[in-house]
Amino acid sequence: MNKSAVRAWIMYDWANSAYATTVLAAVLPVFYSSVAADGLDKTTAASFLAYTHAIGMALVALLSPLLGAISDLSGRKTTFLTCFTLLGAVSTSCFALVERGDWLMASAFLVLSTLGFSGGNAFYDSMLPDLVPSGRRDQISSKGYAAGYVGGGILLALNLLMIQKPSLLGISDGLAGTRWSFVTVGVWWLLFALPVMRRVPNLKRQTAGLTAAGYARSGLRRIAGAYRDIRRYPQLFKLIAAFWFYNDGINTIILMATIYGTTIGIGTSDLILALLITQFVGFPSTLLLGKAAVRFSAKRTLLASLFMYVLIVALGYWMTQASHFYVLAVMVGLVQGGSQSISRSLLSDLMPAGRTGELFGFVNITSKFSSIFGPFVFGLVGQLTGSSRLGILSLLLFFGLGILILIKVDVERGKSDGRHNGPADNGKPLSAETGELVT
């Protein structure tokens, strides 16, 4: 194991988590509504922002499996990660150019930055089995998520200072501080991504002499194979199905927590502080869960974290004041990073070597589409019943189904399937002109 390359890989989570915390969770929603969509009513602004997120995720869902398959064949995962990082960092910095009423410009930058962030993560995740042997992946994956919590939390704290106390940093006002915060995220992302760009080499090509068109055709063929051949890995498919459900529940909590807190009367300052608490609790907790996965098995540790989410949802139903929200923020911090990092390493353990790019692409596209349902059910239940509390309670369905399917996953058999079945091509060479199988 190349320790220098692994450290660089971990540092990328530190780099891009600034986008998730500052841009997606804390700053951009307010900036979009109050500045970019100035002149539109709040409901329309919120709808435009939601549609923009949907467009960005749709592009990621459609492109990442193809690019992942091509990266597997060409071995150029680091090159693809570099391109998406540049796209994300530059487009995020460009939010500073948005003036009042420029909602279309803001939406365009959000689509591009989302593509850079989520598309880059598909290649980043698929590097894990290339860099780390199976027995170490739980621990290394958790270190990545833990680094992301710290990096994202540090820059978020600085950005909030720039916005709420701009004079302390020589900034004219809160709006200028907001603009500068977007620039700092772009610079932070690019700066701390340099190690992975420099220290993680591209892999040896699985095929030689393919033209760009040949890679594209071969990539498309392998995507079709990923969908067709996933049945050859039944334990992996069950794990992916479980992931669809429980990850949808986790993402819905992340997306709806602030809105839910607002509807029951919790102030903005309390909500922001709770977000910071989640970040810094998440750092040691993610590391501890990674160690627990090594000692007690990844599946058992993941199940324990999902049962914690069931408790969080139940307590969220009864929440009435800010102190309750702080308690739930701590509980989420205890399991959020660990559940995601263990999921990533467990998925990689069940994937056959040489197909991690396209199979993580498969996970990416299917989980993006499945993640529509959590927020939809939350909103629909709340609208039909007139109670957002019943909306949050509806998430028990997603965690329950995810837990039930995960219990049925035989991890050891899944690892054996990945080792013995091998790639769908069964080692047959590909034509340099067409990218098709040589018969």
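The protein has the name UMF1 family MFS transporter in an unreviewed UniProt entry, where Paenibacillus forsythiae is given as its organism. Quoted verbatim from the Subcellular location (unreviewed entry) heading of the UniProt record, the comment on the protein is "Cell membrane".

Undergrad: Can you walk me through the overall build of the protein in this structure?
TA: When you go through the protein residue by residue, the secondary structure sums to 16 helices and zero strands. Total accessible area on the protein stands at roughly 18500 Å², and carbon and sulfur atoms take up 67% of it.

Undergrad: Hey, could you run me through the packing of helix α1 (residues 3–36) against helix α5 (residues 137–164) in this one?
TA: The relative placement of two packed helices comes down to the angle between their axes together with the axis-to-axis distance. Where α1 contacts α5, the two axes come as close as 6 Å, and the packing angle between them is 40 degrees. Relative to α5, α1 is oriented oblique. As for the relative orientation of α1 and α5, their crossing is right-handed in sense. Across the contact of α1 with α5, the residue classes break down as 15 nonpolar, nine polar and two charged.

Undergrad: Looking at this structure, how should I read the packing of aromatic side chains?
TA: Taken as a whole and assessed by the stated rule, the structure comprises 17 aromatic pairs. Here the aromatic rings of Tyr19 and Phe117 are separated by 5.0 Å at their centres, their planes lie at 40 degrees, and the arrangement is tilted. Separated by 98 residues along the polypeptide, Tyr19 in helix α1 and Phe117 in helix α4 (residues 103–131) bring together distant segments of the chain. What links up through ring pairs into an aromatic cluster is the set Phe31, Phe95, Phe109 and Phe182.

Undergrad: For this particular structure, what's the right way to read unusual backbone geometry?
TA: Most peptide bonds adopt trans geometry, and most residues besides glycine take a negative phi value. At Ser297, a position not held by glycine, the phi torsion is positive, near 95 degrees. You can see Ser297 is positioned in the loop between α9 (268–296) and α10 (298–318).

Undergrad: Explanation requested: the nonpolar core in the structure shown.
TA: Generally speaking, soluble globular proteins have nonpolar side chains that are buried together. With 56 residues, the main nonpolar core has Trp9 and Leu131 as its most contacted residues. Of all the secondary-structure elements, those providing two or more residues to this core are α1, α2 (42–74), α3 (77–93), α4, α5 and α6 (174–199). Element by element, the count of residues in this core is highest for α1, at 18 residues. In this structure, Phe243, Leu271, Tyr309 and Ile342 belong to the second largest nonpolar core, which totals 49 residues.

Undergrad: Explain the pattern of salt bridges to me, please; I cannot follow it from the model alone.
TA: Think of it this way: side chains of opposite charge can pair up when their charged atoms draw near. A complete count under the given rule lists six salt bridges for this structure. With its nearest N and O atoms 3.9 Å apart, the salt bridge here joins Arg344 to Asp13. In this pair, Arg344 sits in helix α11 (residues 322–350) while Asp13 sits in helix α1, placing the two residues 331 residues apart along the sequence. The two residues Arg344 and Asp13 agree in class, both being buried. If you follow the salt bridges from partner to partner, you end up with Asp13, Asp125 and Arg344 in one network.

Undergrad: Quick question: what am I supposed to make of the environment of Ile140 here?
TA: Its location among the elements puts Ile140 in helix α5. Classification of Ile140 as buried rests on a relative accessible area of 3%. In this structure the C-alpha to C-alpha distance between Ile140 and Arg7, which are 133 residues apart in sequence, comes to 9.1 Å. If we skip the residues at most four places from it in the chain, Ile140 touches Val6, Trp9, Ile10, Leu128 and Val132.

Undergrad: Sorry, what's going on with the environment of Ala45 here?
TA: With respect to the helices and strands, the residue Ala45 is situated in helix α2. Note: C-alpha distance between Ala45 and Tyr32 (13 residues apart in sequence) is 7.6 Å. In this structure, Ala45 is in contact with Tyr32, Ser33 and Ala37, ignoring residues within four places of it in sequence.

Undergrad: Whenever I open this one, the side chain of Thr21 confuses me. Can you help?
TA: In this structure, Thr21 sits in helix α1. At 3.3 Å, the side chain of Thr21 forms a polar contact with the backbone oxygen of Gly152. Once residues within four sequence positions are removed from consideration, Thr21 is found in contact with Ala26, Gly152, Leu156 and Gln279.

Undergrad: In this structure, what is going on with the confidence of the model for the protein? I would like to understand it.
TA: A low pLDDT score tells you not to read the predicted coordinates there in detail. Of the residues in the protein, 87% reach a pLDDT of 70 or more, and the chain-wide mean stands at 83. Contacts for the low-pLDDT stretch residues 423–439, under 50 throughout, to residues beyond four places or in other chains number 46 contacts.

Undergrad: Quick question: what am I supposed to make of a nonpolar patch on the surface here?
TA: Together, Ile55, Leu59, Leu62 and Leu63 give the surface a local cluster of nonpolar side chains, amounting to about 340 Å² of exposed area. Following the sequence through the fold, Ile55 ends up in helix α2.

Undergrad: Could you clarify how one ought to interpret the packing of α4 against α11 in this entry?
TA: Relative orientation of the contacting elements α4 and α11 amounts to 60 degrees, with a least axis distance of 9 Å. Between α4 and α11, the interaxial angle falls into the category oblique. Crossing of α4 against α11: the hand is right-handed. Contacts between α4 and α11 pair Tyr124, Asp125, Leu128 and Pro129 from the former with Arg344, Ser345 and Ser348 from the latter. Classifying every residue of the contact of α4 with α11 by side-chain character gives three nonpolar, two polar and two charged.

Undergrad: How should α1 be read in this particular structure?
TA: Owing to its 3.6 residues per turn, the α-helix aligns residues three or four sequence positions apart on the same side. Its axis deflected by about 60 degrees at Val27, α1 carries its strongest bend there, up to four residues before the proline Pro29. Backbone nitrogen of Ser4 and a side-chain oxygen of the N-cap are separated by 3.1 Å at the start of α1; the cap is Asn2.

Here is what the cut-offs are and how they apply
Here the residue numbers are simple positions, counted from 1 along each chain's written sequence. With pLDDT at 70 or above as the cut-off, local features in this predicted model cover only qualifying residues; side-chain atom pairs require 80 or more to be listed or tallied, and sums for whole chains, interfaces and linings still use all residues. Side-chain calculation: all heavy atoms of the structure are included, whereas hydrogens and water are not. UniProt positions are given in the numbering used here, feature names are shortened, and annotations may be inferred rather than shown by experiment. The secondary structure listing takes helices from DSSP runs of H or I that are at least 4 residues long and strands from runs of E that are at least 2 residues long, numbered from the N terminus. Computed with a 1.4 Å probe, the accessible areas rest on the Shrake-Rupley method; for each residue, only the protein chains presented here act as cover. To get an axis, fit a line to the C-alpha atoms, keeping to the stretch in contact for a helix; angles then go from 0 to 180 degrees between the N-to-C directions. In these notes the angle categories are as follows: under 35 degrees is roughly parallel, over 145 is roughly antiparallel, 65 to 115 is roughly perpendicular, and the rest is oblique. The crossing is said to be left-handed when, going from far helix to near helix, the turn is anticlockwise and less than a right angle, and right-handed when the turn is clockwise. Residues are grouped as follows: nonpolar covers Ala, Val, Leu, Ile, Met, Phe, Trp, Tyr, Cys and Pro; charged covers Asp, Glu, Lys and Arg; every other residue, Gly included, is treated as polar. Centres within 6.5 Å are what make two rings of Phe, Tyr or Trp a pair, Trp counting through its six-membered ring; a difference in plane orientation under 30 degrees is then read as stacked, over 60 as edge-to-face, and the rest as tilted. Here, the term nonpolar core denotes a set of buried Ala, Val, Leu, Ile, Met, Phe, Trp, Tyr and Cys residues that are joined through side-chain atoms within 4.5 Å. Exposure categories follow from relative accessible area, calculated using a 1.4 Å probe and restricted to protein chains: below 20% of the type maximum is buried, above 50% is exposed, and the middle band is partly exposed. Salt bridge, as used here, is a side-chain nitrogen of Lys or Arg placed within 4 Å of a carboxyl oxygen of Asp or Glu. Residues are treated as being in contact if the distance between any of their heavy atoms lies within 4.5 Å. Polar contact criterion, stated in full: a pair of N or O atoms within 3.5 Å, where within protein one must be able to donate a hydrogen and the other to accept it, and residues adjacent in sequence count only if both atoms are side-chain atoms. One number per residue, pLDDT, summarises how confident the predictor is, and it ranges from 0 to 100. Residues enter patches when they are more than 30% accessible in relative terms and free of salt bridges; like-charged ones are connected within 9 Å and nonpolar ones (Val, Leu, Ile, Met, Phe, Trp, Tyr) within 5 Å. One axis is fitted to the seven residues ending at the residue and one to the seven starting there. The bend at that residue is the angle between these axes.

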